[in-house]
Each structure stands twice: as C-alpha cells, then as structure tokens.
Amino acid sequence: MRQKGFAVQDGFTSLTTKCSLCLSEENKPDSKIYINKTTGYFLCPKCNVHGDWNILERLIKKSKVEGNIKDYCDKLQQDKYEFDKHWENLLAETTSLLNLSENEVLDLFRLFEFPYHSEAHKVLCDVRVSKNQTVLYFPLKNSLDTIIGYRKIQAGREEEVETCGHHLAGLFSCLSFKTLKTDQAILVPSIQDVLSLASNKVAGKLIWLSNCSLPPVVLPVLERYQKLCLWGDWENMRAVAEKLGEDRCFFVRPTDGLVTASEAASANLSLKTLVSEAKPASHRSITTFASLRDDVYAELTNIDKVRGVKWKRFPALTKLLGGHRRGELTVMTGPTGCGKTTLCAEMSLDLAQQGVTTLWGSFEIRNFRLARTMLQQFAGVPLEQNLNEFPKFADEFQKLPVFYLAFHGQQPIKVVMEAVEHARYMYDISHVVVDNVQFMLGMGEEREGDRYLRQDAVISAFRTFATARHCHVTLVMHPRKERDSEDLSTSSIFGSAKASQEADNVLIIQDKRLTAVRGKKYLQVAKNRYSGDLGIVPLDFDKDALSYQPKKKPKKQDEPEKLLDNCFQEYSLDEPQNISQILQSSKSKNNKKENVDSFLNDILNLNRTR
C-alpha cells in the first residue's frame, strides 16, 4: 500500500487508508478504507465498497477501473440505495419509542420481558416499534453512525433474532442517559444486559452482540475504542477477545454464579463497581496462583457452565461426560459399518440445535449425503415419504449454525488446517468434526511407518488447534482389524498410541449383534479426562429417523400403588354394587384362578412325559 503512495495507519484489527473511489468522486475527509489484518477483507463505510483483498489489489494497481470491477462497485451502490429506500418505508410504517406514552412503554417492556426504568425509552430512542406494538426494530450502525441494517425481534419469539440489511457491517449501540462519552465500550450478549447497564448509568458505549457473535466485517465499528469491556459467557467472550486484540480487552468475571449483567442487576450488585474491576484478557505472564485465583473461583461458582453444553438426545452420555466442552479433543472409533458417522452426525446436530457452531469435515462421504442424514435426524421422519414437508424441514435446518468443508478424500494437513482456522475466525466455530482421519491421510507413497508419523502429525495439529483456539475437535478413526469376539479398547485405535494419549475423551462403539445371540450395540466411554467417569450408553437405532436417540417409555404405575387403586375401586362407596354383580366378579376371579392352575398342571404333566 505504501509503495503505491497510500498513507497507511496500523490499528488494533485493521489497517486504514484513504478510499480511492471516494476521492475520485469528491474530496471526503472521512472516507477511510478498513483492511482486516487477518483476512485482507476491505470495507469503505462511506461508499459501501467491500470485498476480498484481490479486488482491492485490482482497484489500486490500475489507473483505470476494470469493467467487471466497476460493475461490482455499481451493484454495491445499488444495494445501498435499495436498503436506504427500504429503511425509509420502515420508518413510515413504525414509530419511535420516544413517541409512546409511559404506560405504553411499560406494557411493551412487560411484553418483551425487558428490565424497565424511567429513562429506558430515552436510552432506546433509535429503536422503532410496529403499529401493533409486537415487533421491535433495532438499527445497526457502521463506524460513521450510518444505519446499514437492523435486528428484528417479535413478541413471543424473542430468541429468534432476525437480522436484515444489504451488508451487515454494523452493530446496535447506545449510551446511558446523562453520561459522558468515553473511549470505553461494553460488549454484552443481550438487550436485557444493555438496559441493566443503562439503568445503573455505567459510563461507556453499550454494544449488543447477539449471542456473543462477532463477524470480522463489524470490527471497524470497534476500531476507535481504546478499552473494550466484555461481559458475558467466558467461553464465548474469549473468542471475541482474540479478534478484537487482547491488549485492549477486559473481562468482567462471574460473581457467585451471576454470569451476565442482567443477572448481577437482579441480585442488586453494583454494576459500576464490577465494570471498574474488570480484569485484563491477556495472561501471558501468569506465574503465581494470585493471577489464577479469579479463574479458579469463577470455575467453582459456575460448575454447571464449566461442565459444558449438555446433549438433550443422549442424557446417559451427558451423565458420564458432563457435557460438550471447548478446548477438548474427542476420538470416536468403532468397527466398520457400525454407524460412527451417523452417531457423530446426530451428536453434532444435538449441539448445533443449542447454538454450538459446528464445522464438518467429511472426507469419507459426500457433503450432500451427510446433510441428508442430518436433515432426516432433524425431522425425525423418513424424508422420501414426506416430500411435501421437505421445504419446511429444510428451511428450519438451514437456520442451524452448521458449516461443511468442501474436501473429499486425501488432503494435505496444511490445507485442511488453513480452512479450519479461516472458518473459526470468520464464523466463530466452536466444534470441528473430522470424519475420518484415515480417509484424510489417504494411502500416499510413503512406507507404512511414515503413515503412522503422518497420522501423529494430524493428531498433534488438531490437539494444538483445540487448546490454542479454545475449540472442541472430534476425530472419527478406524480401529485396527481385530477378532470380532474381542471388545475394542483404547489400544485398538489405528496407528500409534498418540491418539488415545492426546485425547481428552475416547468413545468406542461396541457392536455385539453379529457375535452373540442377543448381542447389543452400545457406546463405551473408555476415557474421560474431565471427571474420570467411565461407562456405557445403550444404542437402539431407529431406521425411520436415522436416530440413536433413546425412546421415551411410558411411566409404569408402581405395583403397591396399583394394588391400592384396585382396592379403592373394588370397595368404593360412591358406586354401590348389588349382590349379583359382586357374585359375578368373584366367580370370574375364581375362573381365572382355575385357568391358571390347569395351565400349571399341563406344564408339569408335559415335563413328566418328557
């Protein structure tokens, strides 16, 4: 950039320079291009030109803009014009919170279950309300405070936040009423936290990160802040701090299990004090227990969160492992054809339905077949027999945070890790599934011993990635060929012992259906580094739903209670029985007894004749 004559400034997350397109139209002093230092993606908030680094190179190198690049820029301008027109129509159809009466605002906050205080409507002065007062529109602003999108929340469906806009490079932010502007911003995961901080008049820009998600395209909005205070789930906010630059990030530690600002406000704690006591995010010089003390206390007071995300479809597995935790490596193995991919797909689907962003690397089967399996598990019915409902299931499944690597067969580990790192940065991936390691390695031209070394290198790379990037990695691996009558163990995993040594969890599918008359299939937890609890989880396959989810059994009435109910029914005073009915019922009971006795006699006689 400097060789081309551009003055470049180095920021926290981006490089900034003057926008050549804006300068060619007219001299605009605030026309800056932000270039992401990790991905090279560039963005000009003024003229709305954005794209990959190769597009910016072509804009800079050529004195005259190429035709296809000019068409690309014109399309972006057209998108901006269409959104501005859409937003104007939305402004005409809605009203501001400031125009509502105090009773209407109170009813609205009760409907959405927002914390209310007297200045709440002034804090949310930019928010628009539909005419029937059941939908709220939160404007998203870029670094120039220009509205470029909005978040839509509907009453009764508060958890389903819908984001709209031509280029979602903005965030919703506001200031506490009657507080001075500072260079500090406080990032929280919900609008309830924003209102709680505003009611306590905490100084700083209050920014709403929906579900702690921070796409790299919105980083220029936060470039001007010298101090960023992160208050939310520790696991998710750690990934946010890595993107923003840990040197300027501070964490508000959970206090007595109160993770969010709204929880702390409901416990009547001083939010100003908690924000002022926020600890730095970077821990490069930890040498004593005093530095770790807050982390240890936070883990003890949030033991349920530390156990991880619980599987809803596999409660027995949750009981053994505690949950799905970030930063761990899980190895799953089992005999050929036992259903490793199907089980792993359902386990990852269960987590994705709870908001765990998942990246699938399917090197053995094609992505469309994997997606079909997961869609059928999601629907719970055979898709080929319910084609009329396919659009409904597909639309719902499409909302899940599941991504797929476009690889198949043998791939170099360097190429795979680059794609995984890119996906983690762009989409906040927290769970990576590799199915399977042997297919990714392929045959190669090396000797057999070199293949073990390559497999160890793959395991080491994913182990390092899981720890350094605080992401859970699940590796599906084939076992060595052993006798069918023998149970698989941790030493049965193909290759050297590095896989079982590096793994935090080892899950083995034991299939005894072909070696025993009444053989069963079950999942064995052979290693559990978190708590050490080992055991088995029965697996019953439902072919229609392609699911291993245990079926819910109807509750059986306890035997003593059943006898008591029969006694009450037999000697009830509400419905008196006449003599003939009583005699008839006793006669039927005697007949049943006689039938039982005769049946037993027949069995005894049969045994004697034998």
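Cut-offs applied
- Residues numbered from 1 in each chain as written.
- Predicted model: local features only at pLDDT ≥ 70, side-chain atom pairs only at ≥ 80, totals over all residues.
- Heavy atoms only, no water.
- Helix = DSSP H or I, 4+ residues; strand = E, 2+ residues; numbered from the N terminus.
- Buried < 20%, exposed > 50% of the residue type's maximum accessible area, 1.4 Å probe, protein only.
- Polar contact = N/O pair within 3.5 Å; in protein donor to acceptor, adjacent residues only side chain to side chain.
- Contact = heavy atoms within 4.5 Å.
- Axes fitted to C-alpha atoms, helices over the stretch in contact; angles between N-to-C directions.
- Parallel < 35°, antiparallel > 145°, perpendicular 65-115°, else oblique.
- Left-handed = near helix turned anticlockwise from the far one by under 90°.
- Nonpolar A, V, L, I, M, F, W, Y, C, P; charged D, E, K, R; others polar.
- Pairing = 2+ DSSP bridges.
- Patch = residues over 30% accessible without salt bridge, like charges linked within 9 Å, V, L, I, M, F, W, Y side chains within 5 Å.
- Areas by Shrake-Rupley, 256 points an atom, 1.4 Å probe, with all protein chains shown as cover.
- Salt bridge = Lys/Arg side-chain N within 4 Å of Asp/Glu carboxyl O.
- pLDDT = per-residue confidence, 0-100.
- Arc of directions from axis to C-beta.
- Core = buried A, V, L, I, M, F, W, Y, C linked by side-chain atoms within 4.5 Å.
- Right-handed = clockwise from strand over helix to strand, strands pointing away.
- Phe/Tyr/Trp six-rings, centres within 6.5 Å; stacked < 30°, edge-to-face > 60°.

Caption draft 1: View of the side chain of histidine 472. Among the secondary structure elements, histidine 472 is positioned in strand 21 (residues 472-477). You can call histidine 472 buried: its relative accessible area is 3%. At a separation of 2.6 Å, a polar atom in the side chain of histidine 472 contacts the main-chain carbonyl oxygen of arginine 325. Filtering out sequence-adjacent residues up to four positions away, histidine 472 remains in contact with His324, Arg325, Arg326, Gly327, Glu328, Thr330, Ser430, His431, Val432 and Asn505.

Caption draft 2: The packing of helix 13 (residues 340-352) against helix 14 (residues 367-379), seen in detail. The contact between helix 13 and helix 14 brings their axes to 10 Å, and the two run at 60°. As the angle between them shows, helix 13 and helix 14 are arranged oblique. Relative to helix 14, helix 13 is oriented so that their crossing is right-handed. Where helix 13 approaches helix 14, its residues Thr341, Thr342, Ala345, Glu346, Ser348 and Leu349 are matched on the opposing element by Leu370, Thr373, Met374, Gln377 and Phe378. Residues belonging to the contact of helix 13 with helix 14 are distributed by class as follows: five nonpolar, five polar and one charged.

Caption draft 3: Spatial organisation of the packing of helix 14 against helix 15 (residues 390-398). Where helix 14 contacts helix 15, the axes come no closer than 10 Å and their chain directions differ by 100°. Accordingly, the angle class assigned to the pair helix 14 and helix 15 is roughly perpendicular. Seen from helix 14, the contacting residues are Met374, Leu375, Phe378 and Ala379; seen from helix 15, they are Phe390, Phe393, Ala394, Glu396 and Phe397. Along the lines of polarity and charge, the residues of the contact of helix 14 with helix 15 split into eight nonpolar, no polar and one charged.

Caption draft 4: Geometry of the pairing of strand 18 (residues 358-362). When you tally the buried positions in strand 18, you get five out of five residues, the bulk of the element. Here strand 18 shows a buried face lined by Thr358, Trp360 and Ser362 and a second buried face lined by Leu359 and Gly361. Pairing geometry for strand 18 and strand 19 (residues 402-404), over three bridges, is parallel. Among the inter-strand pairings, threonine 358 is bridged to a residue of strand 19, identified as valine 402.

Caption draft 5: Inspection of a nonpolar patch on the surface at higher detail. On the surface, Phe289, Leu292, Val296 and Leu300 cluster together into a nonpolar patch covering about 380 Å² of accessible area. Relative to the helices and strands, leucine 292 is located in helix 10 (residues 289-301). A relative accessible area of 35% places leucine 292 in the partly exposed class.

Caption draft 6: Local environment of unusual backbone geometry. In this structure, asparagine 436 follows aspartate 435 across a cis peptide bond, with omega equal to -10°. Following the sequence through the fold, asparagine 436 ends up in the loop between strand 20 (431-435) and helix 17 (437-441). Non-glycine residue glutamate 113 carries a positive phi angle of around 60°. Structurally, the position occupied by glutamate 113 is in the loop between helix 4 (102-112) and helix 5 (120-123). Glutamate 113 sits in the exposed class, given a relative accessible area of 65%. With phi around 60°, aspartate 145 is a residue other than glycine that occupies positive phi space. Here aspartate 145 lies in the loop between strand 8 (135-141) and strand 9 (147-154).

Caption draft 7: Local environment of the confidence of the model for the protein. On average, residues of the protein carry a pLDDT of 84, and 85% of them reach 70 or more. pLDDT under 50 marks residues 572-577. Its contacts with residues more than four places away, or in other chains, come to two contacts.

Caption draft 8: Quick look at the sheet that holds strand 21. Judged by pairing direction, the sheet is mixed, and its eight strands sit side by side in the order 19-18-20-21-17-22-23-24 without closing on themselves. Each edge of the open sheet is held by one strand with a lone partner, namely strand 19 and strand 24 (535-538). Averaged over all pairs of adjacent strands, the angle between strand axes in this sheet comes to 20°, irrespective of strand direction. Relative to strand 24, strand 23 (residues 521-528) is paired through four bridges, and the arrangement is antiparallel. Each bridged residue has a counterpart across the sheet, and for tyrosine 522 the counterpart in strand 24 is proline 538. Along the sheet, helix 14 contacts strand 18 and strand 19; its crossing angle with strand 19, the most-contacted strand, is approximately 160°.

Caption draft 9: Main features of helix 4. Residues of helix 4 that are buried: Val105, Leu108, Phe109 and Phe112. For helix 4, the angular spread of buried residues about the axis comes to 95°, placing them on one side. Set apart from the buried face of helix 4 by more than 90 degrees, the exposed residues are Asn103 and Arg110. Looking at the buried positions of helix 4, the neighbouring elements they touch are helix 5, strand 7 (128-129), strand 8, strand 9, strand 10 (157-165) and helix 6 (191-199). Phi for glutamate 113, located one or two positions after helix 4, is positive at around 60°.

Caption draft 10: Here's a closer look at the nonpolar core. Within the largest apolar cluster, 37 residues are counted, with the highest numbers of intra-cluster contacts made by Leu124, Phe138, Phe172, Leu197 and Trp231. Looking at which element gives the most residues to this core, the answer is helix 6, with five residues. Residues within four places of leucine 197 in sequence aside, it is in contact with Ser176, Ile186, Val188, Val202, Leu206, Trp231, Ala261, Leu271 and Val275.

Caption draft 11: Structural view of the environment of leucine 91. With respect to the element layout, leucine 91 can be found in helix 3 (residues 67-93). Separated by 38 residues in the primary sequence, leucine 91 and valine 129 have C-alpha atoms spaced 9.4 Å apart.

Caption draft 12: Looking closely at the pairing of strand 13 (residues 205-208). One ladder, built from four bridges, connects strand 11 (residues 172-175) with strand 13; its direction is antiparallel. Counted as the bridge partner of leucine 175 is lysine 205 from strand 13. Judged from the four bridges that link them, strand 12 (residues 184-188) and strand 13 form a sheet pairing that is parallel. When the sheet's bridge partners are listed, leucine 187 is paired in strand 13 with isoleucine 207. A crossover connection joins strand 12 to the parallel strand 13 through helix 6; in handedness this β-α-β unit is right-handed.

Caption draft 13: The arrangement of the packing of aromatic side chains in detail. Within the structure shown, the criterion is met by 14 aromatic pairs. Judged by centre distance (5.6 Å) and plane angle (85°), the rings of phenylalanine 109 and tyrosine 116 are edge-to-face. A centroid spacing of 6.3 Å and a plane angle of 15° characterise the contact between phenylalanine 363 and phenylalanine 407, whose relative ring orientation is stacked. Of this pair, phenylalanine 363 sits in the loop between strand 18 and helix 14 while phenylalanine 407 sits in the loop between strand 19 and helix 16 (413-427); the two residues are 44 residues apart in sequence, bridging distant segments of the chain. Phenylalanine 363 gets classed as buried once you look at its relative accessible area, which sits at 1%. Among the aromatic residues, those joined into a cluster by ring pairs are Phe83, Trp87, Tyr137 and Tyr150.

Caption draft 14: Seen up close, the sheet that holds strand 14 (residues 227-230). As summarised here, the arrangement of the six strands in space is 11-13-12-14-15-16, forming an open sheet in which the pairing is mixed. Only two strands of the sheet have a single neighbouring strand rather than two, namely strand 11 and strand 16 (279-280). Where strand 14 lies against strand 15 (residues 249-251), three bridges are found, and the strand directions are parallel. Across the sheet, the residue bridging to leucine 230 is phenylalanine 251, located in strand 15.

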